[in-house]
Amino acid sequence: MPKTKAIINIQNVVAIATLNQKIDLNAVVKGYPKAEYRPDRFPGLVFRLKKPKTGTLIFGSGKMVCTGAKSRKESLSAIMNVVKELKKCGIIIHSKPSVEVVNIVASASLGGTVDLEKTVSTLRKTMYEPEQFPGLIYRMDEPKVVILVFASGSLVCTGAKKEQDVFDAVHKLHVILEEQNLIFYE
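Residues numbered from 1 in each chain as written. Predicted model: local features only at pLDDT ≥ 70, side-chain atom pairs only at ≥ 80, totals over all residues. Heavy atoms only, no water.

Student: Tell me about the pairing of strand β11 (residues 154–160), residues and numbers included.
Tutor: Sheet analysis places strand β6 (residues 98–109) next to β11, joined by five bridges and oriented antiparallel. Counterpart to Ser107 in the pairing with β11 is Val156. In the sheet, strand β10 (residues 145–149) pairs with β11 via four bridges, with the strands oriented antiparallel. Bridging from a neighbouring strand, Val146 pairs with Thr158 of β11. Counted along the chain from β10 to the antiparallel partner β11, the turn is four residues long, and its residue Gly153 has a positive phi close to 90 degrees. (Pairing = 2+ DSSP bridges. Helix = DSSP H or I, 4+ residues; strand = E, 2+ residues; numbered from the N terminus.)

Student: Tell me about the state of the cysteines, residues and numbers included.
Tutor: Evaluated as defined, the whole model comprises zero disulfides. In this structure Cys66 is a free cysteine whose sulfur lies 17 Å from that of Cys89, the closest cysteine sulfur available. (Disulfide = S-S within 2.5 Å.)

Student: Go over the nonpolar core, please, and point to the residues and values.
Tutor: Formed by 53 residues in total, the largest nonpolar core has its most connected members in Phe47, Ile58, Leu86, Ile147, Val166 and Leu173. Tallying contributions element by element places helix α4 (residues 163–179) first for this core, with six residues. (Core = buried A, V, L, I, M, F, W, Y, C linked by side-chain atoms within 4.5 Å. Buried < 20%, exposed > 50% of the residue type's maximum accessible area, 1.4 Å probe, protein only.)

Student: Give a detailed account of the environment of Phe59, specifying residues and quantitative values.
Tutor: With respect to the element layout, Phe59 can be found in the loop between β4 (54–58) and β5 (63–69). Expressed as a C-alpha distance, the spacing of Phe59 and Thr18, which sit 41 residues apart in the sequence, is 9.9 Å. With residues near it in sequence (within four places) discarded, Phe59 still touches Ile23, Leu25, Phe42, Pro43, Gly44 and Val65. (Contact = heavy atoms within 4.5 Å.)

Student: With reference to specific residues and values, describe the environment of Pro52.
Tutor: Within the secondary structure layout, Pro52 lies in the loop between β3 (45–49) and β4. Classification of Pro52 as buried rests on a relative accessible area of 13%. For the pair Pro52 and His94, spaced 42 residues apart in sequence, the C-alpha to C-alpha distance is 24 Å. Dropping the residues within four chain positions of it, Pro52 is found in contact with Glu74, Ser77, Ala78 and Asn81.

Honestly, it's all geometry; don't read function into it.
This is the structure we're talking about:
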């Protein structure tokens, strides 16, 4: 068990949804003028919500990509709110969307400083080129995530599909850093 508890914050949950039908994006813009749609620049429509504060890309194929949510539950809520708004615009939605979380990005603080030079030679699947980037890149196999580790003890975890994977990965790395004497507390 680590000496200190890591502080972890989910920053962004990316979810994809499929409506299994085509969507007339021009009809969406007519019914929801706040939507941003410039087909000459990008094939998707941007649909922003204030609650939860998210942005959802909607494509004519019926695929949607929701970003900005702070949890899986919030991303599902955002997608269902977008579907509700589409229905209000007169878009007929035939079925409930299938939704899949594809990436969770989180930040964390371990409460100590990390010796990156020793860490890169101790952990497998790491990359550290301080001239290029100040953080060490660690590819964890289980759970399958990528963690950016900074000397300050700050982390960025990406690639998780479940929130629990973030917590498990940060805890696992924290334990390894302590066991290998790679983290120091003041």
